[in-house]
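# Topology and contacts: notes
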Amino acid sequence: MLPYGRQDITQADIDAVIEVLQSDFLTQGPVVPLFEEAIAKKVGARHAVATNSATSALHLACLALGLGPGDRLWTSTISFVASANCGLYCGANVDFVDIDPQTYNLCPDALARKLETAKLSGQLPKIVVAVHLCGQPCDMAAIHRLSIQYGFAIIEDASHAIGGRYRGRPIGSCDFSDITIFSFHPVKIITTAEGGMAVTNSKALHNTMELLRSHGITRDPTQMTHEPHGPWYYQQIALGFNYRMTELQGALGLSQLERLDQYVERRHDLAERYDRLLSDLPVTRPWQSPDSYSARHLYVIRVQQEIADRNHVFASMRAQQIGVNLHYIPIHTQPYYTPLGFKEGDFPNAEQYYREAISLPLFGTMTETQQDIVITALADSIKGCG
Ligand SMILES: *Cc1c(COP(=O)(O)O)cnc(C)c1O
């Protein structure tokens, strides 16, 4: 089966990990701080906190922004469940915003309408999580304007988007947000096996996330309630977690980061080749905003019901060993979420998208021969299912 995404591990990656295995530190050593520094520099942020997953990074980000019981977090319903779960971890209420039918990202107009209503009932969100679906940045300028008007914080869930740019600036520079999150899961742009990162320009947010990443324990005397008892001394001053990244992961990430631009460029070449070679097929190709340079994590096509049955096209592709996938099931329709007050019909653009979407294989080491096989299989599948 040709996967929809897969990692690329070079000999340099392997050597970097082996070097750490033979060193003094497997965790809490010098490599993770180097990886944090390198990511911060690459994406143009002042501070970075490496974590054991993007899910953990989202949780830390919400806590650092003060999210708690009685607060509200809003995000796009077309995302991975982690974009919403972070709100529930903090005891907050989670609600969703419908997608823009062109970009499939959180729709700023829908957000504006929802905010207007929420203001009247005193139910404004504390945090909006803007998910850069497929690697294409959200309309951050519009969301940022609304954040000033209504007073909410912004987390960018850029799990798909490292290496991309918005209005010429790297995603992660946090020009329009408080914190940006990246994922290094193997299907994402670069990998540390499991792993994530939160970046921010705020020293205070950085310090809180760093503290909570490691049990809420500090060794900094200025943060303690009294003089240290001795050189062994630390204090727990908050309830934190063990969300640390290992040195092995840090080394792998540092090594992968050297190829980030190359991977994103390759993804662009392949995506543009898909655009050309699919132009004769009756499918909707992904629209790209002129404000964005997407990281091109996913190539999502839409098959309209009148043209062909999407489920049949999907099954036919899988039968031909093409590992197509679907990103994502609207979160508000998940059985864990519906009892929280959601039902089908709540977010019509998202639900329509879900009925039509297929993610075609796309990854940094995909060959044109593999891509041609996908395109032929898709053409056959649509013909057979029309
Ligand atoms: C992958 C992903 C996550 C979670 O990342 P992990 O590193 O697996 O925790 C969160 N949000 C989005 C949009 C993702 O694609």
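Counting from 1, residues in each chain are numbered in the order their sequence is written. In view of the model being predicted, local features appear only for residues whose pLDDT reaches at least 70, and side-chain atom pairs are presented and counted only at 80 or more, with totals across whole chains, interfaces and linings using the full set of residues. Side-chain calculation: all heavy atoms of the structure are included, whereas hydrogens and water are not.

### Some words on the pairing of strand 1 (residues 47-51)
Under the convention used in this document: For the exposure calls, accessible area comes from a 1.4 Å probe over protein chains only, and a residue counts as buried if that area is under 20% of its type's maximum, exposed if over 50%, partly exposed in between. Each helix is a run of DSSP H or I of at least 4 residues and each strand a run of E of at least 2, with the numbering of both proceeding from the N terminus. Two strands qualify as a pair provided DSSP detects at least 2 bridges between them.
By the criterion of burial, strand 1 is predominantly enclosed, with five of the five residues buried. Of the two faces of strand 1, both are covered, the one formed by H47, V49 and T51 as well as the one formed by A48 and A50. Across five bridges, the pairing between strand 1 and strand 9 (residues 196-200) is antiparallel. When the bridges of strand 9 are listed, V49 appears paired with A198.

### Some points on the layout of surface pockets
In plain terms, the rule: The definitions used throughout rest on a 1 Å grid laid over the protein atoms alone, on which a cavity is an enclosed set of points accommodating a 1.4 Å probe that cannot get out and a pocket is an open set flanked by protein within 12 Å on both sides along at least five of seven lines; lining residues are those having an atom within 4 Å of a point. Grid points are joined across faces, edges and corners, and a volume is the space filled by probe spheres set on the points. Residues are grouped as follows: nonpolar covers Ala, Val, Leu, Ile, Met, Phe, Trp, Tyr, Cys and Pro; charged covers Asp, Glu, Lys and Arg; every other residue, Gly included, is treated as polar.
If you add up the space inside the largest pocket, you get close to 530 Å³. Forming the walls of the largest pocket are 18 residues, and the residues nearest its centre are Q28, E210, R213, S214 and I217. Among the secondary structure elements, those contributing two or more residues to the lining of the largest pocket are helix 2 (31-43), helix 7 (203-213) and strand 10 (217-218). Take the lining of the largest pocket: its biggest share by element is four residues, from helix 7. Taken together, the residues of the lining of the largest pocket sort by class into six nonpolar, six polar and six charged.

### Points about helix 1 (residues 11-21)
Using the following cut-off: Note that the arc is defined by the directions from the helix axis to the C-beta atoms.
Of all the residues in helix 1, the buried ones are D13, A16, V17 and V20. When helix 1 is viewed along its axis, its buried side chains cluster within an angular range of 95 degrees and face the same direction. Exposed residues pointing more than 90 degrees away from the buried face of helix 1 are listed as Q11 and E19.

### Notes on the domain arrangement of the protein chain
Spelled out, the test is: Throughout, the edges of the domains are those of an automatic or database domain assignment. The contact rule is simple, with two residues in contact once any of their heavy atoms fall within 4.5 Å. Two parts lose some accessible area (1.4 Å probe) when they are put together, and adding that loss for both gives the buried area. Salt bridges, as used here, are contacts in which a Lys or Arg side-chain nitrogen is within 4 Å of a carboxyl oxygen on Asp or Glu. In protein, a polar contact means a hydrogen-donor-capable atom and an acceptor-capable atom, both N or O and within 3.5 Å, with residues adjacent in sequence counting only if both atoms are side-chain atoms; elsewhere, any N or O pair within 3.5 Å suffices.
If you check the domain split of the protein chain, you get domain 1 (11-257) and domain 2 (260-383). Centre-to-centre separation of domain 1 and domain 2, based on C-alpha positions: 26 Å. Contacts between the two partners involve 40 residues from domain 1 and, on the opposite side, 35 residues from domain 2. Here domain 1 and domain 2 share an interface that buries about 3300 Å² over both sides, 62% of which is from carbon and sulfur atoms. The three residues of domain 1 that bury the most area against domain 2 are Y104, C134 and I189, which together make up 18% of that side's buried surface. Our enumeration of links across domain 1 and domain 2 arrives at two salt bridges. Notably, a salt bridge pairs D261 with K42, separated by 2.7 Å at the nearest N-O pair. At the junction of domain 1 with domain 2, the criterion picks out 20 residue pairs in polar contact (both at pLDDT 80 or more). Elements with a minimum of two residues in the side of domain 1 that touches domain 2: helix 4 (82-89), strand 3 (93-97), strand 6 (165-166) and helix 8 (247-257). If one sorts the elements of the side of domain 1 that touches domain 2 by residue count, strand 3 sits on top with four residues.

### Some thoughts on the side chain of E356
Relative to the assigned elements, E356 resides in helix 11 (residues 348-356). In this structure the side chain of E356 is engaged in a polar contact, spanning 2.9 Å, whose partner is the side chain of R302. Ignoring sequence-local partners within four residues, the contact set of E356 consists of I301, R302, V303, Q304 and R310.

### Comments concerning unusual backbone geometry
Of note, the amide linkage connecting H327 to Y328 takes the cis form, showing an omega dihedral of 5 degrees. Position of Y328 relative to the elements: it lies in the loop between helix 10 (310-319) and helix 11. At R167, a position not held by glycine, the phi torsion is positive, near 50 degrees. Looking at the secondary structure, you find R167 in the loop between strand 6 and strand 7 (169-170). By relative accessible area, which is 47% here, R167 ends up partly exposed.

### Brief notes about the site of the ligand
Here is the rule: For this description, a residue counts as near a given molecule or strand if any of its non-hydrogen atoms is within 4 Å of it. Accessible surface is estimated by sampling points in the Shrake-Rupley manner with a 1.4 Å probe; for residues, cover comes only from the protein chains shown. To decide whether a molecule occupies a pocket or cavity, check its atoms: if more than half lie within 2 Å of the grid points, it is inside.
Around the ligand, the structure places 15 residues, and the nearest of them are T55, D157, H160, S183 and K188. S159 places a side-chain nitrogen or oxygen 3.4 Å from a nitrogen atom of the ligand. In this structure, H160 approaches the ligand through a side-chain N or O atom, which is 2.7 Å from an oxygen atom. The protein chains hide 93% of the 380 Å² of surface that the ligand would expose on its own. In a pocket analysis with a 2 Å cut-off to the grid points, the ligand is assigned to the second largest pocket.

### Notes on the environment of V31
Tracing the chain through its elements places V31 in helix 2. With 223 residues separating them along the chain, V31 and L254 place their C-alpha atoms 8.4 Å apart. Apart from the residues lying within four places of it in its own chain, the contact partners of V31 are V20, E247, G250, A251 and L254.

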